[in-house]
Every structure is written in C-alpha cells, then in structure tokens.
Amino acid sequence: MPHQKPKHYPHHLDLQPVMHVEGTVRLPGSKSISNRTLLLAALAGGTTTIRGLLASDDTLVMLGALRSLGVKWDQLDEHTHLVHGVDGVLPVHAADLFMGNAGTAIRPLTAALAVIGGDYTLHGVSRMHERPIGDLVDALNAIGAQIEYTGEPGFPPLRIRRGHIHAERMSVRGNVSSQFLTAVLMAAPLMAKTHPVSIDVVGELISKPYIEITLNLMRRFGVRVEQDGWTSFTVQPGQHYASPGEIYVEGDASSASYFLAAGAIAGGPVRVEGVGRDSIQGDVRFAEALEQMGATITRGDNWIEARSNGVLKAIDADFNHIPDAAMTIAVAALYADGTSTLRNIASWRVKETDRLSAMATELRKLGALVEEGPDFIRITPPEIIAAATIDTYDDHRMAMCFSLASLDGRALRGNQMRINDPKCVAKTFPEYFEAFASIAREELF
Ligand SMILES: O=C(O)C1=C[C@@H](OP(=O)(O)O)[C@@H](O)[C@H](O)C1
Ligand SMILES: C=C(OP(=O)(O)O)C(=O)O
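Residues numbered from 1 in each chain as written. Chains lettered and ligands numbered in written order. Predicted model: local features only at pLDDT ≥ 70, side-chain atom pairs only at ≥ 80, totals over all residues. Heavy atoms only, no water.

Caption draft 1: Up close: the overall build of the chain. A count of helices and strands for the chain gives 12 helices and 23 strands. Per-residue burial over the chain gives 60% buried out of 445 residues. Long-range pairs, those at least 24 residues apart, make up 75% of the contacts in the chain between residues at least 6 apart in sequence. A total accessible area of about 15900 Å² is found for the chain, and carbon and sulfur atoms account for 50% of it. (Helix = DSSP H or I, 4+ residues; strand = E, 2+ residues; numbered from the N terminus. Buried < 20%, exposed > 50% of the residue type's maximum accessible area, 1.4 Å probe, protein only. Contact = heavy atoms within 4.5 Å. Areas by Shrake-Rupley, 256 points an atom, 1.4 Å probe, with all protein chains shown as cover.)

Caption draft 2: Representation of the domain arrangement of the chain within the structure. Splitting the chain by domain gives domain 1 (12-29 + 251-441) and domain 2 (31-248). Taking only C-alpha atoms, the centre of domain 1 and the centre of domain 2 are 30 Å apart. Counting from both sides, the interface comprises 28 residues of domain 1 and, opposite them, 25 residues of domain 2. Between domain 1 and domain 2, a total of about 1900 Å² is buried, with carbon and sulfur atoms accounting for 49% of that surface. (Domains from an automatic or database assignment. Buried area = accessible area lost by both parts, 1.4 Å probe.)

Caption draft 3: Quick look at the site of ligand 1. Ligand 1 sits among 13 residues. The nearest are Ser 177, Ser 178, Ser 207, Asp 324 and Lys 351. For ligand 1, an oxygen atom lies 2.5 Å from a polar atom in the side chain of Asp 324. Burial of ligand 1 by the protein chains amounts to 96% of its free accessible area of 390 Å². For ligand 1, the cavity whose grid points lie within 2 Å of the majority of its atoms is the largest cavity. It is helix α1 (residues 31-43) that contributes the most residues to the shell around ligand 1, three residues altogether. (Near = heavy atom within 4 Å. Polar contact = N/O pair within 3.5 Å; in protein donor to acceptor, adjacent residues only side chain to side chain. 1 Å grid on protein atoms, 1.4 Å probe; cavity = no way out; pocket = protein on both sides within 12 Å on 5 of 7 lines; lining within 4 Å. Sits in = over half its atoms within 2 Å of the grid points.)

Caption draft 4: Broad picture of the sheet that holds strand β16 (residues 296-299). Pairing in this open sheet of four strands is mixed, and the strands run β2-β15-β17-β16 from one edge to the other. The sheet is open, and its two edges are formed by β2 (21-26) and β16, each paired on a single side. Sheet twist, expressed as the mean angle between neighbouring strand axes with direction ignored, is 10°. Bridge count between β16 and strand β17 (residues 303-307): four bridges; the pairing is antiparallel. Looking at β17, one finds that Thr 296 is bridged to Arg 307. Packed onto the sheet, helix α12 (residues 432-439) meets β2 and β15 (267-273) and runs at close to 140° relative to β2. (Pairing = 2+ DSSP bridges. Axes fitted to C-alpha atoms, helices over the stretch in contact; angles between N-to-C directions.)

Caption draft 5: Representation of the site of ligand 2 in the model. Around ligand 2, a shell composed of 14 residues is seen, among which Lys 31, Gly 103, Arg 131, Arg 397 and Lys 427 lie nearest. Between an oxygen atom of ligand 2 and a main-chain N or O atom of Asn 101, the distance comes to 3.1 Å. Here an oxygen atom of ligand 2 and a side-chain polar atom of Arg 355 are 2.9 Å apart. Protein contact buries 98% of the 300 Å² of open area that ligand 2 shows by itself.

Caption draft 6: Structural view of empty space enclosed by the protein. Throughout the structure, instances matching the rule amount to five cavities of 30 Å³ or more. Elements supplying a minimum of two residues to the lining of the largest cavity: α1, α3 (103-116), α9 (323-332) and α11 (396-403). Inspection of the lining of the largest cavity shows a minimum of three residues originating in each of domain 1 (12-29 + 251-441) and domain 2 (31-248). Taken as a whole, the second largest cavity spans an internal volume of roughly 70 Å³. Mapped by element, the contributors of at least two residues to the lining of the second largest cavity are α1, α6 (208-220) and α7 (253-265). Counting only domains with at least three residues in the lining of the second largest cavity, you end up with domain 1 (12-29 + 251-441) and domain 2 (31-248). (Points joined across faces, edges and corners; volume = space filled by probe spheres on them.)

Caption draft 7: Focus on the pattern of salt bridges. Applying the stated criterion to the full structure yields 27 salt bridges. A salt bridge links Glu 371 to Arg 378; its shortest N-O distance comes to 2.8 Å. When salt bridges that share partners are traced, they join Asp 58, Asp 324, Lys 351, Glu 352, Arg 355, Asp 395, Arg 397 and Lys 427 into one network. (Salt bridge = Lys/Arg side-chain N within 4 Å of Asp/Glu carboxyl O.)

Caption draft 8: Representation of the packing of aromatic side chains. Taken as a whole, this structure holds six aromatic pairs when the rule is applied. Arranged with centres 5.1 Å apart and planes meeting at 75°, the rings of Tyr 432 and Phe 433 form a pair that is edge-to-face. The ring of Trp 73 has Arg 67 sitting right over it, with the charged end atom 3.9 Å from the ring centre. One residue, Arg 271, lies across the ring of Trp 303, its end atom 3.6 Å from the ring centre. (Phe/Tyr/Trp six-rings, centres within 6.5 Å; stacked < 30°, edge-to-face > 60°. Lys NZ or Arg CZ within 6 Å of the ring centre and 35° of its normal.)

Caption draft 9: Spatial organisation of the nonpolar core. Counting 82 residues, the largest nonpolar core has Phe 259 and Met 359 as its most contacted members. The contacts of Met 359, once residues within four sequence positions are left out, are Met 327, Ala 330, Val 331, Trp 348, Ile 377, Met 398, Cys 401 and Phe 402. Listed in part, the 79 residues of the second largest apolar core include Leu 40, Ala 114, Met 170 and Leu 217. (Core = buried A, V, L, I, M, F, W, Y, C linked by side-chain atoms within 4.5 Å.)

Caption draft 10: Structural view of the sheet that holds strand β1 (residues 12-15). The three strands lie next to each other as β1-β23-β22, forming an open sheet whose pairing is mixed. Across the chains shown, the open sheet's two edge strands, defined by having one partner strand only, are β1 and β22 (388-390). Looking at each pair of strands side by side, their axes are set apart by 20° on average, direction ignored. Pairing geometry for β22 and strand β23 (residues 417-420), over three bridges, is parallel. Bridging from a neighbouring strand, Ile 390 pairs with Ile 419 of β23.

Caption draft 11: Region of interest: α3. With 14 residues, α3 should cover 20 Å at 1.5 Å per step; its first-to-last C-alpha distance of 20 Å lies within 8% of that length. Buried residues dominate α3, accounting for 13 of its 14 residues. After α3 finishes, the residue Gly 117 shows a positive phi value of roughly 90°. (Expected span 1.5 Å × (residues − 1).)

In structure tokens, the structure reads:
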C-alpha cells in the first residue's frame with residue numbers, strides 16, 4: 001500500500017486519479033467531544049484523564065484558553081491529557097483569549113465565562129468575526145450577563161465583564177446554531193445553585209444530535225438535564241460537575257465520512273476505527289445516507305465499513321441532523337446516477353465559509369450542474385468529472401470533501417485535482433491527506 005507523505009503542506013496539493021480504495025483508518029478524536037470534555041473537565045471538581053483527545057487547531061485553542069484561565073493540565077502523551085478541574089472557580093479573572101475559528105470553543109466559553117464573571121476578551125480569525133453569536137449573547141445578557149461587542153454587533157470579538165446573573169427561566173434561539181443551546185446548557189449548573197434553571201428554545205432547533213452529545217457528556221460529569229422534547233430543558237439545583245476519573249474520546253464521525261464515502265465510491269472495503277454502533281455522535285448516521293445511495297455498510301461496536309455496489313444512487317433528503325457530514329454527500333453526489341438534493345442545510349452559510357455558495361462554485365468547476373437555494377443544494381453530476389483547481393476557503397471540510405473528486409467510480413479519466421491551501425485541514429484533522437493516501441491503491445501524490 002503506498003504510504004506517501006506530502007513533503008510539507010505546500011500551498012497546493014495535486015492529487016492523482018485513484019481507481020480503487022481499500023484499507024483501514026484509525027480516526028482522530030471527535031472535535032465535538034474533545035472540546036466539550038476539556039471544558040467540563042476544567043469546570044469539574046477533581047482530575048480527569050482524557051484519552052484519545054483530538055490534536056488539532058480547534059482543540060489547541062481550547063487548551064490554550066483553559067491555560068490562560070489558570071486551569072492546569074498536563075499532556076501525558078500525544079492523545080492523553082490530565083485536566084485538573086477548578087470546581088467552578090477560575091483562578092484567573094482577566095484574560096485575552098484567542099479562539100481561532102472554533103465554534104465549539106468560543107460559544108461554550110462565552111457562556112461559562114459570562115456566568116462565572118471576570119474581565120475577558122474573546123476573539124478569533126477574521127472569519128470568526130463574521131460568524132453569528134448574537135443569539136447567545138442576547139440569551140445571556142437577558143439574565144444579567146455583561147457582554148459587549150467590541151466590533152460588529154452580533155459577532156465576536158466580545159468583551160465579558162462580571163454581571164449579576166439571575167436565571168430561573170431563560171430562552172435561547174436554536175435556529176442558527178445549536179451551539180448556543182449547548183453553551184447555555186453547559187453553563188446552567190453554574191447558575192442553578194439554589195433554584196432550578198429552565199431553558200426554552202425559541203425557533204426550530206437545528207443540528208439536534210449535537211445537543212445529545214452535550215447532554216450525554218454533562219451526564220458523565222454528574223449533571224442530569226430534564227428534557228421536554230426539543231423545546232425546554234431544566235437543570236435542578238445542587239448539581240456540580242464532578243470528574244468521572246477517566247474519559248475516552250471516540251473517533252470523529254464527521255472525519256469518518258470522507259473514508260466511508262471513498263469506500264462507497266471506489267470499491268472498498270474501507271473501514272474506519274474509533275466510531276461504531278455505540279457512538280454518541282449524530283454524524284454516524286452519515287452511513288445511513290450512503291446506504292440509501294446503495295453502498296454496503298457494516299457496523300461493529302467501534303468500527304464502520306463501506307464498500308461500493310456499482311454506481312451510487314442519487315439521493316433527495318433532509319440533512320439538518322448531520323450538517324457537517326452532509327458536505328461529503330454533496331461531493332459523493334458527483335458519482336451518483338442522477339440529480340441529488342440536500343435539503344434544510346441553511347446553517348452551511350454561517351460556518352467556516354458560506355458553504356452553500358463555496359460548494360456550488362467548486363462543484364461547477366468539476367462540470368456538475370448545481371442549483372443553490374437559500375437552504376438547499378441540487379447537484380446533477382457531469383458525464384466525466386473535469387480536472388480542476390479547487391479553492392478551499394480556509395474550510396477544512398472543503399479540502400477534505402474535494403479530495404474525493406480524485407476518485408473515479410464511473411469512467412476512466414486522466415486528470416488530476418489540485419487542492420489549494422490543503423493545510424486548512426488542521427482545524428480538525430491535520431493528518432488527513434496522509435490518511436487518505438493510505439487507502440488509495442495508486443499513488444495519490
Ligand atoms: O456542537 C458541536 O460540536 C457542533 C455543532 C454543529 O454546529 P451548528 O449547531 O452550528 O450546526 C456542527 O456543525 C459543528 O461542527 C459542531
Ligand atoms: C462547523 C464546524 O465547526 P465549528 O465547530 O467551528 O462550528 C465544522 O467543523 O464543520
């Protein structure tokens with residue numbers, strides 16, 4: 001099996017056509033679980049050993065922020081960290097925190113810091129300053145937090161000062177990002193000292209499975225949340241985060257999607273290890289979409305495998321529950337037997353880039369016919385995928401998704417894909433291209 005490494009991440013990467021993929025990939029840790037676990041371990045009483053933590057830009061910003069806040073942690077080896085919890089009392093009361101472009105860092109930290117109180121500034125890369133946070137700030141300021149915008153209203157950077165929090169009933173909008181509800185939920189035990197805190201969700205909650213991850217991890221740290229459907233959540237008083245001792249971070253189910261799609265498009269079997277039937281991540285349901293497209297999927301407790309069954313079938317489905325992995329379906333749709341429609345994905349517009357527009361632009365470069373709607377994308381594949389230079393918009397998922405366009409499940413073609421700025425994969429998967437090359441049966445680069 002070719003195991004090449006790109007010499008260094010150059011400013012573009014040329015991928016050769018690959019006719020067959022096969023092999024096993026051990027997944028890096030889940031971003032969503034890693035950053036939640038780090039914050040909960042920091043807020044908890046006791047020391048937590050975290051195994052399988054993701055090492056990437058997004059977790060580095062969380063680790064860096066915790067250190068700036070006086071939380072002590074030690075790295076035992078590449079993926080094992082020991083976090084010494086502060087039991088709800090941060091040692092440092094004033095800090096300037098760089099949040100990169102990590103939604104899973106800035107949103108939960110904003111809520112926790114606003115409730116704990118202090119003098120904090122939170123800022124990130126320029127795209128972070130275009131990603132909305134107003135619904136979260138409104139929810140927190142309405143219960144007495146003191147959060148100000150230092151740039152554009154509704155967006156980071158933020159300045160947080162000590163407020164007078166009183167929340168028995170609060171509300172948060174759920175239709176722009178589920179991370180606002182996640183943030184408020186994770187901060188709720190810090191407010192529910194003597195009375196219950198109820199959180200009402202305003203608007204239709206999107207990306208619901210991410211709330212399940214939040215509730216699951218809160219439970220592991222000793223806090224139970226009462227749930228009334230997806231519209232109301234209550235935390236009873238007197239619950240404290242307590243370290244579970246040791247916690248294992250599953251492999252990243254969104255990262256799994258690229259390898260599973262590769263197996264479904266170009267032979268396989270491709271197996272991913274680290275997520276399986278027992279996963280707490282909604283993105284494992286990506287495999288169901290591949291099944292719907294005709295691929296054969298097999299699942300174990302801690303692995304998933306995909307193989308192709310000839311040409312993929314076009315799909316028309318609602319992808320609100322798996323917005324990240326849905327991007328992989330958009331590129332897999334290039335290999336389908338007809339027009340595919342991905343619906344209810346308006347949140348794509350406010351992520352690392354405007355993903356609806358970026359996806360449409362880049363798929364068109366490959367010859368696809370694309371209709372871009374306010375919250376949907378419709379893709380008719382070309383006869384033969386054209387060679388193209390793909391722009392990635394500083395969006396890790398654009399880079400990872402479009403590596404799949406180097407596969408050829410349908411017809412021989414002698415072209416190559418150029419991926420601009422491939423190093424943007426460092427947000428969640430720094431070794432992505434090496435992992436992709438390891439399942440390619442021909443030289444990838
Ligand atoms: O809570 C989380 O870990 C995430 C929630 C999702 O965001 P939205 O709720 O904004 O869709 C997802 O896209 C993001 O990558 C991670
Ligand atoms: C939307 C994403 O990231 P974030 O956690 O920054 O929202 C993503 O990883 O696709």
